[in-house]
Amino acid sequence: MTTAPWRDPALPAAVRVDDLLSRMTLEEKTAQLYGVWVGAATDGEGVAPLQHEMAAGTDWDKLITLGLGQLTRSFGTAPVDPAAGARALAAAQRRIADAGRFGIPAVAHEECLAGFTAWRATAYPVPLAWGASFDPDLVEEVGARIGRDLRSVGVHQGLAPVLDVVRDLRWGRVEETIGEDPYLVGTVGTAYVRGLESAGIVATLKHFAGYAASAGARNLAPVRAGTREFADVVLPPFEMALREGGARSVMAAYTETDGVPASADPRLLTGLLREEWGFTGTVVADYFGIGFLRSLHRVAGSEAEAAHAALEAGVDVELPSPRCYGEPLVTAVRAGAVPEALVDRAARRVLLQKCGLGLLDPDWRPGADAETGTEIDLDPAGNRALARRLAEESVVLLDNPGGVLPLAPDTRVAVVGPRAADALAMLGCYSFPSHVLTHHPGVPDGIAVPTVLDALRDELPDCGVTFAPGCGVDGTDTSGFTEAVARASGADVCVAVLGDRAGLFGRGTSGEGCDAEDLRLPGVQAELLDALVATGVPVVLVLLTGRPYALGRWAGRLGAVVQAFFPGEEGGPALAGVLSGRVNPSGRLPVSFPRTPGGQPWTYLQPPLGLAGEVSNLDPTPLYPFGHGRSYTEFAWTDFTGTGPARTGTDGGLDLSVTVRNTGDRAGAEVVQLYLHDPVASVTRPDIRLVGYRRVELAPGEARRVTFRFHADLSSFTGRTGDRVVEPGELELRLAASSTDVRHRARLTLTGPVRVLGPDRMLRCATAAVPV
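Rules of the game
- Residues numbered from 1 in each chain as written.
- Predicted model: local features only at pLDDT ≥ 70, side-chain atom pairs only at ≥ 80, totals over all residues.
- Heavy atoms only, no water.
- Pairing = 2+ DSSP bridges.
- Helix = DSSP H or I, 4+ residues; strand = E, 2+ residues; numbered from the N terminus.
- Axes fitted to C-alpha atoms, helices over the stretch in contact; angles between N-to-C directions.
- Contact = heavy atoms within 4.5 Å.
- Salt bridge = Lys/Arg side-chain N within 4 Å of Asp/Glu carboxyl O.
- Buried < 20%, exposed > 50% of the residue type's maximum accessible area, 1.4 Å probe, protein only.
- Parallel < 35°, antiparallel > 145°, perpendicular 65-115°, else oblique.
- Nonpolar A, V, L, I, M, F, W, Y, C, P; charged D, E, K, R; others polar.
- Core = buried A, V, L, I, M, F, W, Y, C linked by side-chain atoms within 4.5 Å.
- Phe/Tyr/Trp six-rings, centres within 6.5 Å; stacked < 30°, edge-to-face > 60°.
- Lys NZ or Arg CZ within 6 Å of the ring centre and 35° of its normal.

Q: Residues and numbers for the sheet that holds strand β12 (residues 413–416), please.
A: Strand order in the open sheet made by the six strands is β11-β16-β15-β14-β12-β13, with mixed pairing throughout. At either margin of the open sheet sits one strand with a lone partner, and together these are β11 (396–399) and β13 (466–468). Direction aside, neighbouring strands of the sheet carry axes that sit 20° apart on average. The pairing of β12 with strand β14 (residues 493–499) spans four bridges and is parallel. Along β14, the bridge assignment pairs Val415 with Val495. Contacting β14, β15 (539–545) and β16 (560–565), helix α20 (residues 571–580) runs over the sheet at an angle of about 155° to β15.

Take a look at the structure:
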């Protein structure tokens, strides 16, 4: 029996795919370029297309005779038992393979922004909490665990991580980002990519590129970022995740920059991504993003024109359904309006990826990489333990001026606030209970999510904890204030648990399409906090949010301030542990906290004119700066080296070392941060920016020698010619505990000519921490 070359695993993938393409009709090739949005049947027998505004009318049986590129969110659409979902997905893949001439299954993709977005799957902390941990190794472990869960039920591709750098704190999707600094976003995001990819899952970087820089912080608003902001702030995390993380897919952003939508921008998706960076994977559309070229951007007059623009730019796969890449594209190619070569180019990339996943192999079987037994546990004890670790590491102690924390075990505690007794207060908008179950009232969450109130009662059983909600998350009802104030007045300490409700498109105070007018606490929560402070009882403010809020109104008036960014299913016990002292807080801020709410949607990456000065009466200086976070122990930074005069070429570097010792009486973690200050450059530069960091965990009395190997490449920026350059001149390197808490400085003079960098430039600062 002769095997066709494309079925022969011994041949190179390119040879196999070229042979397969030569055998396919136009319709079969285009079928590889789109997905179908399906929901897994609860009986495990198969899938059925959903009726969606832009996905309705799909004739499933007819469609799959041509093959199919992707299956869209069979788990993430409705509550389906994991084992039944795995069986349904396997049955769907069998039907797809049996229906087509070539027997090629689809790539199944799912969301995995804060865990696998599926019923009964672990809900991890949101990405902003990953950034607060400053712990890429832990985030990589989380990514690997999520990847194994995806793989166990037959999923191939995960639509994460979000590598958008926060530019305006009012934007609803701040919770989905890792922070406001490209180096932090790049290093932590790359770690998550490595984790997913290590499990065989195709990681999809989003949103490429500029999405978070939308004007006025409005979702899908135009992006007005300049060339240098785009190159030096927006793009570096994507470059790092591709080069160092090995991500195999990129999602084109919804937005347009300078009049060109990302999904129709060949300079971005082909010139930069493929020709300059060497990316060889697939570019997928954000959901309905190709159709939006016609309906929202109005750069195409029909679905066929939208398909042409997107294909030409470099979008290989239309998600979630065949709105443009289906019949409209086939008709346009047949009419000579779209070159078939564009279809071939995209289909080749898709099939190369399927080949790498084993989907073209003769021994592929549906369910071969899925556990299709009677039970699949997507929230085992190991997952929960990992979620707890990340939650604990991400809690940030913003302030503790009176030493109210940790709480004594016999303290009388009143817990007040709308977030204290609600399990959803722990979860971001892409966690399954927030994202999907709100449309299925009466269906249980499927996972245990202890509230702060319940966790604190378990943590401090002798405190006689009382509770009153006080008010809702939003709205204007203040009728609960009286009871809340009474509870606080009768206690030794009041724990005020305030914050956001995650949702979608205006149904929450944080999340996709839930953009904020300003940075005031939602609803009447600020007025509730005023009333609690007025009692004279020490108030510990606990914030469960998806973005930072302006807290200057209460500066110096609170007993302590604790921040958690939607910390996931184990967030309640993590917070209770911080309040009791069982957990020593070690999180650091991935975003600055403003002092006033009226604007200044400010990140710390400011050139001189963006800082406070005499030319304006408005002071944008944050209340709590990027990188800030307190501990219950103390750390000494001694024996710094790197202070002497240093000169090196524009291709050289400098090692900086400091000994960090835990001088307190309890174990804790310090985050040593390295910032760059460039006093004079050919274009304006941020006053400081992060170029390295190291999280160091230390027992009482323990010390480690922390070393940073700074390379001149890390000082590079986009110069006046548009090239990325390293310029000669003086630099100042600052070892700091936050962007404003500088402990040691070193001057470095770069000598020689301006050096133009290519795509092989050094992207990260190597670090080491050895015991002393």
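Q: So what about the pattern of salt bridges? Which residues, and what values?
A: Close approach of charged atoms allows side chains of opposite charge to pair. Per the counting criterion, the structure on display carries 53 salt bridges. Here Arg16 makes a salt bridge to Asp361, at a shortest N to O gap of 2.9 Å. Of the two residues, Arg16 sits in helix α1 (residues 13–23) while Asp361 sits in the loop between α14 (340–356) and α15 (381–394), which places them 345 residues apart along the sequence. Of the residues examined, Asp361 reaches a relative accessible area of 17% and is grouped as buried. A salt bridge links Arg323 to Glu303, with the nearest nitrogen and oxygen atoms 3.9 Å apart. Here Arg323 is found in the loop between α12 (303–313) and α13 (327–334), whereas its partner Glu303 is found in helix α12, with 20 residues between them in sequence. Judged by its relative accessible area of 22%, Glu303 is partly exposed.

Q: Help me get a handle on the sheet that holds strand β19 (residues 653–662), residues and values and all.
A: The four strands are arranged β17-β19-β22-β28 in an open sheet whose pairing can be described as antiparallel. The two strands at the open ends of the sheet, each matched to only one other strand, are β17 (635–641) and β28 (766–771). The average angle at which neighbouring strand axes cross in this sheet is 20°, direction not considered. Sheet topology places β17 next to β19; five bridges connect them, and they run antiparallel. Across the sheet, Phe635 pairs through a bridge with Asn662, a residue of β19.

Q: Residue-level account of the packing of helix α8 (residues 227–234) against helix α9 (residues 236–243), with values.
A: Where α8 meets α9, the closest approach of the two axes is 5 Å, and the angle between their N-to-C directions is 40°. One finds that α8 runs oblique with respect to α9. Taking contact as the criterion, the partners of Ala231, Asp232, Val233 and Val234 in α8 are, on α9, Pro236, Pro237 and Phe238. Residues that form the contact of α8 with α9 fall into these classes: six nonpolar, no polar and one charged.

Q: Go over the nonpolar core, please, and point to the residues and values.
A: Of all hydrophobic cores here, the largest spans 213 residues; its most connected members are Leu71, Phe208, Tyr325 and Leu551. Those residues within four positions of Leu551 in sequence are excluded, and the remaining contacts are Leu398, Leu541, Leu543, Val561, Phe593, Pro594, Arg595, Leu623 and Tyr624. Ranked by size, the runner-up nonpolar core spans 37 residues in total, among them Val395, Val415, Leu460 and Leu544.

Q: Hey, could you go over the packing of aromatic side chains for me, with residue numbers and the actual values?
A: Applying the stated criterion across every chain, the model contains 17 aromatic pairs. Ring centres of Tyr254 and Phe292 lie 5.4 Å apart, and the angle between their planes is 45°; on these two criteria the pair is classed as tilted. Of this pair, Tyr254 sits in the loop between β7 (249–252) and β8 (256–257) while Phe292 sits in helix α11 (residues 289–295), placing them 38 residues apart in sequence. Residues Tyr254 and Phe292 agree in their burial class; the two are buried. One aromatic cluster is present, formed by Phe134, Tyr183, Tyr604, Phe626, Tyr675 and Tyr693 through successive ring pairs. Over the face of the ring belonging to Tyr430 we find Lys206, whose NZ or CZ atom lies 5.6 Å from the ring centre.

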